Amino acid sequence: MDIKTIRDPGVISLVARIAEHYQTNIASRFIRPVLLQVGLDKPVWDRVEALTSKRGNYQEHLMEDLYHEIAAAAKFVAYVRRDLVPNIRNRVEASGGGAQEKIIRDMTVAAFPANINVFADYLNQLYARLVQLDEADTRNGRKPLYPRLQELIDLKRNLGVEG
């Protein structure tokens, strides 16, 4: 497969937004211990981490890597929606802290399902932008990359979006 580097400002911005949203709203200090128990394979976790870590360099990405990272994050979304969201309140440890700590923890837990949906929306936007760039770059008989990647087959279903 050919290597396609992405320097698109829209992609760079979305990747930064995805990382920020994940770190702030999904892998927060209250939810992170529960996420560590999510039963995903290490390669999936590694790709989710690659996409959502606050890397210093948002300036350049390989298209194929981004597709793989999006697919892994979509698997994460599907798993979390199915196995974590329904009982998140019971799984987040109500450890110590004062009344203010309890209020913040309760707000974090209550907002978690909506935050997963926002994360899925961001992933879908990033995927759509990559597909657009991929299809626009068909010069010299180059075929788009995304139809050749098997792990993208269930992407829309995993994200819970139509189409």
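Definitions and limits used
- Residues numbered from 1 in each chain as written.
- Predicted model: local features only at pLDDT ≥ 70, side-chain atom pairs only at ≥ 80, totals over all residues.
- Heavy atoms only, no water.
- Phe/Tyr/Trp six-rings, centres within 6.5 Å; stacked < 30°, edge-to-face > 60°.
- Helix = DSSP H or I, 4+ residues; strand = E, 2+ residues; numbered from the N terminus.
- Buried < 20%, exposed > 50% of the residue type's maximum accessible area, 1.4 Å probe, protein only.
- Expected span 1.5 Å × (residues − 1).
- Axes fitted to C-alpha atoms, helices over the stretch in contact; angles between N-to-C directions.
- Parallel < 35°, antiparallel > 145°, perpendicular 65-115°, else oblique.
- Left-handed = near helix turned anticlockwise from the far one by under 90°.
- Contact = heavy atoms within 4.5 Å.
- Nonpolar A, V, L, I, M, F, W, Y, C, P; charged D, E, K, R; others polar.

Colleague: For this particular structure, what's the right way to read the packing of aromatic side chains?
Modeller: Tallying each qualifying case throughout the model produces seven aromatic pairs. Ring centres 6.5 Å apart and planes at 85° place the aromatic pair Y127 and Y146 in the edge-to-face group. Residue Y127 is located in helix α6 (residues 99-136), and its partner Y146 is located in the loop between α6 and α7 (155-159); the two are separated by 19 residues in the primary sequence. You can call Y127 buried: its relative accessible area is 10%. Three or more aromatic residues joined by ring pairs form one cluster here, namely Y22, W45, F76 and F119.

Colleague: How should I be thinking about helix α4 (residues 63-84) in this particular structure?
Modeller: Taking 1.5 Å as the rise per residue, α4 with 22 residues should run 32 Å; its terminal C-alpha atoms sit 30 Å apart, in good agreement. Counting buried positions along α4 gives 16 out of 22 residues, so the element sits mostly inside the fold.

Colleague: What's the story with the packing of helix α1 (residues 9-26) against α6 in this structure? I'm lost.
Modeller: Axes are the key here: two packed helices are described by the angle between their axes and the distance separating the axes. At their nearest, the axes of α1 and α6 sit 10 Å apart, and the two run at 165° to each other. Viewed along their axes, α1 and α6 adopt a mutual orientation that is roughly antiparallel. Note that α1 runs across α6; the crossing there is left-handed. The residues of α6 that touch α1, namely those facing V11, L14, V15, R17, I18, H21, Y22, N25 and I26, are F112, N115, I116, V118, F119, Y122, L123, Q125, L126, R129, L130 and L133. The class makeup of the residues in the contact of α1 with α6 is 15 nonpolar, four polar and two charged.

Just geometry here; none of it tells us what the structure is for.
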